[in-house]
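# Survey of secondary and tertiary structure
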Amino acid sequence: MKISVGSDSVSHFVEAICEHLESKGCELQKLGAIAGDTADYVDAASAVAQSVANGESDYGVLFCNTGTGVTIVANKFAGVRAAHCYDTFSAEIAKLANNANVLVLSIRYTGERLGKEIVDKWLETAPSTEPRRMTFHRKTDEVDTKLRKEQQG
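Here we summarise the structure given alongside this text. The model shown is predicted, which means the values in this text are computed figures rather than measured ones.

### Brief notes about the sheet that holds strand β4 (residues 82-84)
Strands sit in the order β2-β1-β3-β5-β4 across an open sheet of five strands; the sheet is parallel. Taken across any chain shown, the strands that pair with only one partner, and hence form the sheet edges, are β2 (27-32) and β4. Ignoring which end each strand starts from, the neighbouring axes of this sheet average 20° apart. For strand β3 (residues 59-64) and strand β5 (residues 102-106), the ladder comprises five bridges, and the chain directions are parallel. Paired with Cys64 across the bridge in β5 is Ser106.

### Brief notes about the pairing of β2
Sheet topology note: the strand β1 (residues 2-7)/β2 ladder contains six bridges and is parallel. Counterpart to Ser4 in the pairing with β2 is Gln29. Handedness of the β-α-β unit built from β1, helix α1 (residues 12-23) and β2 comes out right-handed.

### Points about the packing of α1 against helix α5 (residues 112-124)
Packing of α1 against α5 leaves a shortest axis separation of 10 Å and a crossing angle of 35°. Along this stretch, α1 crosses α5, giving a crossing that reads as right-handed. Together, His12, Phe13, Ala16, Ile17, His20 and Leu21 of α1 and Glu112, Gly115, Lys116, Val119, Asp120 and Leu123 of α5 make up the contact between the two elements. Considering only residue class, the contact of α1 with α5 consists of six nonpolar, three polar and three charged.

### Observations concerning the environment of Glu27
With respect to the helices, strands and loops of the structure, Glu27 is situated in strand β2. Apart from residues no more than four positions distant in its own chain, Glu27 is found in contact with Met1, Lys2 and Ile3.

### What to know about the packing of aromatic side chains
Evaluated as defined, the whole model comprises two aromatic pairs. Considering the side-chain rings of Phe13 and Phe63, the 5.9 Å spacing of their centres and the 90° angle between planes classify their relative orientation as edge-to-face. Of this pair, Phe13 sits in helix α1 while Phe63 sits in strand β3; the two residues are 50 residues apart in sequence, bridging distant segments of the chain. Taken as a pair, Phe13 and Phe63 share a single burial class, namely buried. Between the aromatic rings of Tyr59 and Trp122, the centroid separation amounts to 5.2 Å while the plane-to-plane angle is 70°, which identifies the pairing as edge-to-face. Within this pair, whereas Tyr59 is found in strand β3, its partner Trp122 is found in helix α5, the two being separated by 63 residues in sequence. The exposure classification of Tyr59 matches that of Trp122, with both residues buried. When the ring centre of Trp122 is taken as origin, the NZ or CZ atom of Lys95, which lies over that ring, is 4.8 Å away.

### So, the pattern of salt bridges
Scanning all chains against the criterion turns up nine salt bridges. In this structure, a network of salt bridges that share partners links the residues Glu130, Arg132 and Arg133.

### Some details on the nonpolar core
Judged by nonpolar contacts, the single largest core of 25 residues is most densely connected at Ile3, Leu21 and Phe63. Elements with a minimum of two residues in this core: β1, α1, β3, α4 (88-96), β5 and α5. The contact partners of Phe63, leaving out residues within four places of it in the chain, are Gly6, Ser7, Asp8, Phe13, Val14, Ile17, Ile34, Val70, Leu105 and Ile107. Grouped together as the second largest cluster of nonpolar side chains are 14 residues, Ala45, Val52, Val70 and Ala82 included.

### Considering α5
Look at α5: 18 Å from first C-alpha to last across 13 residues, which is about the 18 Å you get at 1.5 Å a residue. For α5, every residue scored as buried is listed here: Gly115, Ile118, Val119, Trp122 and Leu123. Along α5, the residues classed as buried sweep out an arc of 125° about the axis, all on the same side. Relative to its buried face, α5 has exposed residues pointing more than 90 degrees away, namely Arg113 and Glu124. Those residues of α5 hidden inside the fold are in contact with β1, α1, β3, α4 and β5.

What counts and how
- Residues numbered from 1 in each chain as written.
- Predicted model: local features only at pLDDT ≥ 70, side-chain atom pairs only at ≥ 80, totals over all residues.
- Heavy atoms only, no water.
- Pairing = 2+ DSSP bridges.
- Helix = DSSP H or I, 4+ residues; strand = E, 2+ residues; numbered from the N terminus.
- Axes fitted to C-alpha atoms, helices over the stretch in contact; angles between N-to-C directions.
- Right-handed = clockwise from strand over helix to strand, strands pointing away.
- Left-handed = near helix turned anticlockwise from the far one by under 90°.
- Contact = heavy atoms within 4.5 Å.
- Nonpolar A, V, L, I, M, F, W, Y, C, P; charged D, E, K, R; others polar.
- Phe/Tyr/Trp six-rings, centres within 6.5 Å; stacked < 30°, edge-to-face > 60°.
- Buried < 20%, exposed > 50% of the residue type's maximum accessible area, 1.4 Å probe, protein only.
- Lys NZ or Arg CZ within 6 Å of the ring centre and 35° of its normal.
- Salt bridge = Lys/Arg side-chain N within 4 Å of Asp/Glu carboxyl O.
- Core = buried A, V, L, I, M, F, W, Y, C linked by side-chain atoms within 4.5 Å.
- Expected span 1.5 Å × (residues − 1).
- Arc of directions from axis to C-beta.

Below is the structure:
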């Protein structure tokens with residue numbers, strides 16, 4: 001599994017989560033500050049979202065002070081479903097019910113142990129194949145497609 005990870009800063013938390021993902025056998029594409037680049041949160045979120053949107057990566061993980069900024073930016077990209085998760089239940093539902101392909105973690109509010117638990121729950125959860133949830137996924141994709149066509153004129 002290839003995962004793009006990005007952040008506007010590097011911290012012990014970011015490094016610990018990256019190491020944890022690698023220990024799970026994930027191939028990481030490090031972007032933004034994690035790759036040694038100068039990047040603000042918009043740059044990091046855009047790089048990860050673009051990688052997921054164009055199929056270079058299966059999933060993305062973004063880090064941000066609170067998680068809000070990168071979530072907003074990533075969700076601007078077609079086909080990206082970024083979810084800011086703050087516990088294992090939100091991670092499970094993000095993947096199961098919303099088919100989230102980008103996980104967002106707050107550097108400020110998430111401890112290392114909880115961060116690893118969130119990542120594990122998100123990785124082990126598959127998108128639901130329950131008919132009503134599949135309808136939600138399809139309808140979300142339709143809204144995305146419709147709005148992008150309208151914006152293009």
